[in-house]
Amino acid sequence: MGAPITLYVDSQFLSPYAMSAYVALTEKKLSFELRPIDLEAGEQRMQPYQCRALTARVPALTHDGFNLTESSVIAEYLEDVFPAPAHTALYPQATRERARARQLQAWLRSDLAALRQERPTETVFYGAAGQPLSDAAHAASAKLIQVASYLIGVDQTSLFDEWCIADTDLAVMLKRLALDDLPDSLRAYADAQWQRPSVQKWLEHNADARA
């Protein structure tokens, strides 16, 4: 049996970043304990969680006494510690494709703030309709569609020849526009990613949290 792994996520299962780390672990077919953190109660700022997560955010990973936060970093750590072919690859094997996947992850986490604010993950997971987009959010939406349309062609179901964790991250962002105007090719891509078993498992946790 390997060293124990624990993943800390938000108790409502709404964080796209916690989802990304969860999908990464699930795709690797690793055994891990899932521990929800009550963000509304401020548990992320309390001990002992803050000892494990210096940034006081979710997700956080503990593995054999080692603590780590930030979802894309968690994915890269898992890729290093549990590499292919023994475990499913989270990133493309080709150096330039791997760099492009990480580039996309970094961009999705650092840009498009107005869209994330006006189409929060309640839109993604609950289907909650929002108000018409502001000019700033509309510009962010247009930028997302432009970038995604460049990367995803008609009938394309993954960014590269094989699935990678950046596919999950891009699908979540596109799902923010599920009730808005979204090109059919991008909607079909996001829907295909949504059917992935690892994503479906996360959605089951989300449904249970709402029940």
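Source: prediction; values computed, not measured.

Reading the values: the criteria
Residues numbered from 1 in each chain as written. Predicted model: local features only at pLDDT ≥ 70, side-chain atom pairs only at ≥ 80, totals over all residues. Heavy atoms only, no water. Helix = DSSP H or I, 4+ residues; strand = E, 2+ residues; numbered from the N terminus. Expected span 1.5 Å × (residues − 1). Buried < 20%, exposed > 50% of the residue type's maximum accessible area, 1.4 Å probe, protein only. Arc of directions from axis to C-beta. 1 Å grid on protein atoms, 1.4 Å probe; cavity = no way out; pocket = protein on both sides within 12 Å on 5 of 7 lines; lining within 4 Å. Points joined across faces, edges and corners; volume = space filled by probe spheres on them. Nonpolar A, V, L, I, M, F, W, Y, C, P; charged D, E, K, R; others polar. Phe/Tyr/Trp six-rings, centres within 6.5 Å; stacked < 30°, edge-to-face > 60°. Lys NZ or Arg CZ within 6 Å of the ring centre and 35° of its normal. Pairing = 2+ DSSP bridges. Right-handed = clockwise from strand over helix to strand, strands pointing away.

**So, helix H7 (residues 135-151)**
It helps to recall that an α-helix has 3.6 residues per turn; residues three or four apart then point in one direction. The terminal C-alpha atoms of H7, which comprises 17 residues, lie 24 Å apart, in line with the 24 Å expected from a rise of 1.5 Å per residue. Among the residues of H7, those classed as buried are Ala137, Ala140, Ser141, Leu144, Ile145 and Ala148. Take H7 and look down its axis: the buried residues cluster within an arc of 135°, on one side only. With respect to the buried face of H7, the exposed residues turned more than 90 degrees away are Asp135, His138, Gln146 and Tyr150.

**Side note on empty space enclosed by the protein**
Taken as a whole, this structure holds 1 cavity of 30 Å³ or more when the rule is applied. The computed volume of the largest cavity comes to approximately 90 Å³. Every residue along the wall of the largest cavity is listed here: Pro16, Tyr17, Leu108, Arg109, Arg116, Asp169, Val172, Met173 and Arg176. Within the residue set of the lining of the largest cavity, elements represented by two or more residues are helix H1 (16-27), helix H4 (95-110) and helix H8 (165-175). Looking at the lining of the largest cavity, its residues break down into 5 nonpolar, no polar and 4 charged.

**Focus on the packing of aromatic side chains**
Under the definition given, this model contains 6 aromatic pairs. With a centroid separation of 5.6 Å and an interplanar angle of 80°, the aromatic rings of Tyr22 and Phe32 are classed as edge-to-face. In this pair, Tyr22 sits in helix H1 while Phe32 sits in the loop between H1 and strand E2 (33-37), placing the two residues 10 residues apart along the sequence. When its relative accessible area of 5% is taken as the criterion, Tyr22 is described as buried. Connected via pairs of aromatic rings, a cluster forms that spans Phe13, Tyr22, Phe32 and Trp202. The ring of Tyr91 has Arg102 sitting right over it, with the charged end atom 4.9 Å from the ring centre.

**As for the pairing of E2**
Direction of pairing for strand E1 (residues 5-10) relative to E2: parallel, over a ladder of 5 bridges. Paired with Asp10 across the two strands is Ile37, which belongs to E2. The parallel pair E1 and E2, bridged by H1, forms a crossover whose chirality is right-handed.

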